[in-house]
Amino acid sequence: MKRLLLILLLGVALSVNPVYADHHGKGGNGKDRQEHNDHRGHRDNGKHSNKHKDRKHDNHGSKPKPGGPSHKPPGHSRPAPGHGYGGPVGHHPRPVPPPPPPRPHRYPPQAYYIDGGRVYYDGIVISGLVPTAFRILTDGYAVNPEIVYYCGQPIRGAYPGSFQVLGGGYAMDGFGVYYNGVKLIGVAPGGFRILGDGYAVDPYYVYYGGVRMKGVHRPTFRYVGGKAYDRFHHYHHGRRIR
């Protein structure tokens with residue numbers, strides 16, 4: 001009877017005081033359980049914090065770092081500051097034209113001179129000449145009754161009887177045209193005339209410095225006031241410029 005009464009009292013006590021039940025019953029120590037729950041919550045918060053940090057790190061990692069490699073396709077690079085892809089900004093290089101050919105040299109007639117019954121050119125004696133029959137022309141040319149000379153050297157095939165100096169290094173006789181003492185192949189004296197500054201024409205072609213110019217429209221070619229041009233282009237020192 002007493003044992004039954006104790007069991008009833010114990011049941012009433014347990015129902016009234018749950019802390020007593022947690023401490024002495026199956027629930028174990030309430031304080032320990034609370035600490036266990038706090039530790040578990042702290043661990044879960046740490047996991048959540050680490051996930052947030054990882055997500056933040058991933059977001060920042062997707063952006064290129066300053067000075068790091070860019071995402072441009074291969075072969076594409078930015079020009080240096082102040083420079084474009086073709087050179088410095090605002091600079092447009094132009095092709096450098098080739099140097100012009102030498103302009104005709106006009107030899108002074110005093111290069112020839114006669115002294116003591118001899119003929120000289122630049123201080124060198126020209127052998128076999130009779131001074132009384134020797135005639136000094138211009139541009140380095142001279143003649144006697146049998147030979148034509150250029151700068152003291154005989155011109156083979158030139159005919160003294162019809163030889164005349166045109167100017168600018170050009171000369172001709174009844175059979176051919178000469179430039180600086182050299183006969184121009186295929187150029188006939190008929191209709192040949194000089195224009196100036198190395199230019200000359202015949203009925204079919206234009207010449208500069210004794211050389212036939214290519215691609216020039218002969219019927220409309222003009223040399224006026226130091227400018228050479230035809231219907232289609234302009235020329236400078238025998239070369240087309242535009």
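For the structure, check the block above.
Rules used throughout
- Residues numbered from 1 in each chain as written.
- Predicted model: local features only at pLDDT ≥ 70, side-chain atom pairs only at ≥ 80, totals over all residues.
- Heavy atoms only, no water.
- Pairing = 2+ DSSP bridges.
- Helix = DSSP H or I, 4+ residues; strand = E, 2+ residues; numbered from the N terminus.
- Buried < 20%, exposed > 50% of the residue type's maximum accessible area, 1.4 Å probe, protein only.
- Core = buried A, V, L, I, M, F, W, Y, C linked by side-chain atoms within 4.5 Å.
- Contact = heavy atoms within 4.5 Å.
- Phe/Tyr/Trp six-rings, centres within 6.5 Å; stacked < 30°, edge-to-face > 60°.

Considerations on the sheet that holds strand S17 (residues 211–212)
Strand order in the open sheet formed by four strands is S14-S15-S16-S17, and the pairing between neighbours is antiparallel. Each end of this open sheet is capped by a strand with a single partner; those strands are strand S14 (193–196) and S17.

Some thoughts on the environment of Pro 131
Secondary-structure assignment places Pro 131 in the loop between strand S5 (124–126) and strand S6 (135–136). Overall, Pro 131 belongs to the partly exposed group, its relative accessible area being 22%. Expressed as a C-alpha distance, the spacing of Pro 131 and Gly 117, which sit 14 residues apart in the sequence, is 6.2 Å.

As for the nonpolar core
In terms of nonpolar packing, the biggest core is built from 20 residues, with Tyr 112, Ile 126, Phe 134, Tyr 141, Tyr 149, Ile 155 and Phe 163 touching the most fellow members. Elements with a minimum of two residues in this core: strand S4 (118–121), strand S7 (141–143) and strand S8 (148–150). Not counting chain neighbours up to four residues away, the residues in contact with Ile 126 comprise Tyr 112, Val 119, Tyr 121, Tyr 149 and Gly 152.

Concerning the pairing of strand S3 (residues 112–115)
In the sheet, S3 pairs with S4 via four bridges, with the strands oriented antiparallel. Across the sheet, the residue bridging to Asp 115 is Arg 118, located in S4. Between S3 and S4, which pair antiparallel one after the other, the connecting turn spans two residues, and Gly 116 there sits at a positive phi close to 60°.

Things to note about the packing of aromatic side chains
Overall, the coordinates contain 15 aromatic pairs when judged by the stated rule. With a centroid separation of 5.7 Å and 55° between ring planes, the pair formed by Tyr 170 and Phe 192 is classed as tilted. Remark: Phe 192 occurs in the loop between strand S13 (182–183) and S14 and Tyr 170 occurs in strand S11 (residues 170–172); sequence separation between them is 22 residues. Phe 192 matches Tyr 170 in its accessibility class, with the two residues each being buried. A ring pair is formed by Tyr 199 and Tyr 223, whose centres lie 5.3 Å apart and whose planes are at 35°; its orientation type is tilted. Placement of the pair is Tyr 199 in strand S15 (residues 199–201) and Tyr 223 in strand S18 (residues 222–224), with a sequence separation of 24 residues. Of the residues examined, Tyr 199 reaches a relative accessible area of 2% and is grouped as buried. Here the aromatic cluster, defined as three or more aromatic residues joined through ring pairs, consists of Tyr 199, Tyr 208, Phe 221, Tyr 223 and Tyr 235.

Taken by themselves, the reported measurements are silent on function.
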